[in-house]
Amino acid sequence: MQFSNIDLDNNEEKNFRQLLDILDLDYRQDSKYYDWILSFKSKTKIVNGRIITLDLSWLELHNIPENFLKGLKSVTSLRLDSNPNIKLEKGCFDTNPQLEKLSLRFCSLTEFPKHAFTSVSNIQDLDISNNPIHVMTENSFLKLSNIKSLDISGTKVSELQPYCFEGLGYLTTLSLKDNDLKSIHGDSFQGLISLEILDLRNNDIYQLSKDAFSGLPKLVELRLDNNDISMLENTIFTQLPRIECISLVNNKITSLSRVFSNLNFLTRLDLDTNLIDKIRQFNFSSSPRLKHILLQSNLIKDIELSAFDDLLDLELINIQNNPLEGEQVLQLPSQALFNYHPLIETLTPDEIYKYVVRYHKNTRFVDQVLLSKKISDKTIAFLRLLGYESKY
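This structure is a prediction, so every number in the text was calculated from the model and none was measured. (Residues numbered from 1 in each chain as written. Predicted model: local features only at pLDDT ≥ 70, side-chain atom pairs only at ≥ 80, totals over all residues. Heavy atoms only, no water.)

Colleague: How should the overall build of the protein chain be read in this particular structure?
Modeller: Along its length, the protein chain carries six helices and 22 strands. Taking 2.2 N^0.38 as the reference for a compact globule, 392 residues should give roughly 21 Å; the C-alpha atoms of the protein chain span a radius of gyration of 28 Å, well beyond that estimate. Overall, the C-alpha framework of the protein chain stretches about 85 × 45 × 30 Å when taken along its three principal axes. Taken over 392 residues, the protein chain has a buried fraction of 47%. (Helix = DSSP H or I, 4+ residues; strand = E, 2+ residues; numbered from the N terminus. Rg over C-alpha atoms; globule rule 2.2 N^0.38 Å. Buried < 20%, exposed > 50% of the residue type's maximum accessible area, 1.4 Å probe, protein only.)

Written out as structure tokens, the structure reads:
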């Protein structure tokens, strides 16, 4: 076993031994607990003889009593992960105002242990992921008003009760991915006035109420990948005045309608792997800052090209793996990422020349023509006049 190369000062050593005694762990030097907690293999961090990060994971702890950290005044980060039979006594974290980060992953908690916080806490980063909590109830976080990052992923949560995040006015990042949520109702996120990132990936969400995201004035990024969403209200995202990125990869959306219109700050929209079959002129109207539109692996057969006319900042449209056919694909803007090779292979050299003359502004098409062995000398000569060089 390797030990930390930074020794504890005498007072910290005394307090650390006292902690092990309180937790019913062997506090003797060279005991397996002492060795593990201070070893390089744990995440315990010591600075200037004081414990800053304390890793008590994988120790089969059964009870965390009140005031258990009372002697270790420098601990700002505490890990209690993978202690599946742990019991948190009332107010056990109350006497450590310096504690800013707390992790309780894989502790078999069946409900959020709000009783462990009976006075206002300074914790800013809380991870309770991978516990079978199931339901987030109202007022769970009233004593945790300083949290900025909250991870509730993998907790089998199937219901968010109204106002369950009330009091988290400083929260900027919330992860609810890998859960069993089926619907999001209004008032679920009320009070999260500072939230910037909301992660709802890998759930079973099929229903979003029209005010599902009300009360989130600073939300910048919304992740809804890998759910069962088939329909969205036209105004569902207009409640998010600062939204920049929306990701809905691998859902069942069939129509865009005006869902992504009138979003003044939207720059990235990811709709890969859905069931969208048409792009209409109004689909992105009044969303002038869109830079990336990802539509790969849908069922798109028809595109009204005017849909992109007002997107002056547009850099990429990924439209690959869609059943577009004929000249329509050649009329796509130059920002479109599309595999033109199957089309090129069906054309004769004379047809290739005709299309290159007509659609030479589609630089991605031209680049793929230049890779084709079917390119004619006439086409090469024309493209050289435009500054292109053949690969053959």
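Colleague: Looking at this model, I keep getting lost on helix α4 (residues 349-359). Mind explaining?
Modeller: Think of an α-helix as 3.6 residues a turn; residues three or four steps apart then line up on the same face. Buried residues of α4: Ile352, Tyr355, Val356 and Tyr359, and no others. Each buried residue of α4 lies within a common arc of 105° when the element is viewed along its axis, so the set occupies one face. (Arc of directions from axis to C-beta.)

Colleague: Explanation requested: the packing of α4 against helix α6 (residues 377-385) in the structure shown.
Modeller: Geometrically, a packed helix pair is captured by the angle between its two axes and the distance between the axes. The contact between α4 and α6 brings their axes to 9 Å, and the two run at 20°. In terms of orientation, α4 lies roughly parallel with respect to α6. Note that α4 runs across α6; the crossing there is left-handed. On α6, the residues touching Pro349, Asp350, Tyr353, Val356 and Val357 of α4 are Lys378, Thr379, Phe382 and Leu383. (Axes fitted to C-alpha atoms, helices over the stretch in contact; angles between N-to-C directions. Parallel < 35°, antiparallel > 145°, perpendicular 65-115°, else oblique. Left-handed = near helix turned anticlockwise from the far one by under 90°. Contact = heavy atoms within 4.5 Å.)

Colleague: I tried to follow the side chain of Thr44 on my own but got confused; where do I start?
Modeller: Mapping Thr44 onto the fold places it in the loop between α2 (32-37) and β1 (45-47). Judged by its relative accessible area of 15%, Thr44 is buried. At a separation of 3.0 Å, a polar atom in the side chain of Thr44 contacts the main-chain amide nitrogen of Asp55. Not counting residues up to four positions away in its chain, the partners in contact with Thr44 are Ile37, Leu38, Ile51, Thr53, Leu54 and Asp55. (Polar contact = N/O pair within 3.5 Å; in protein donor to acceptor, adjacent residues only side chain to side chain.)

Colleague: Explanation requested: the packing of aromatic side chains in the structure shown.
Modeller: Each pair of aromatic rings is reported with the distance of its centres and the angle of its planes. The tally for this structure, following the rule as stated, stands at 15 aromatic pairs. Seen in terms of ring centroids, Phe68 and Phe93 are 6.2 Å apart; in terms of plane orientation they differ by 70°. Their pairing is edge-to-face. Highlighted residues: Phe68 in the loop between β3 (63-64) and β4 (77-79) and Phe93 in the loop between β5 (87-88) and β6 (101-103), separated in sequence by 25 residues. Accessibility classification places Phe68 together with Phe93 in one group, the buried group. For the ring pair Tyr340 and Phe365, a centre distance of 5.5 Å and an interplane angle of 70° mean the geometry is edge-to-face. (Phe/Tyr/Trp six-rings, centres within 6.5 Å; stacked < 30°, edge-to-face > 60°.)

Colleague: What is the right way to look at helix α1 (residues 10-22) in this model?
Modeller: For α1, with 13 residues, the first-to-last C-alpha span of 19 Å sits near the 18 Å given by 1.5 Å per residue. Those residues of α1 hidden inside the fold are in contact with α2 and β2 (50-55). Backbone geometry just after α1 places Asp24 at a positive phi near 60°. (Expected span 1.5 Å × (residues − 1).)

Colleague: Help me understand the pairing of β2, please; the structure alone is not making it clear to me.
Modeller: Here is the key point about a regular strand: its side chains alternate between the two faces of the sheet. Both β1 and β2 contribute to a ladder of three bridges, which runs antiparallel. What sits directly across from Val47, in β2, is Arg50. Where β1 hands over to β2, the hairpin turn is made up of two residues, of which Asn48 adopts a positive phi near 55°. Two strands pair when backbone bridges link them, and β2 and β4 are joined in this way by three bridges, in the parallel orientation. The partner of Leu54 across the bridge, within β4, is Leu78. (Pairing = 2+ DSSP bridges.)

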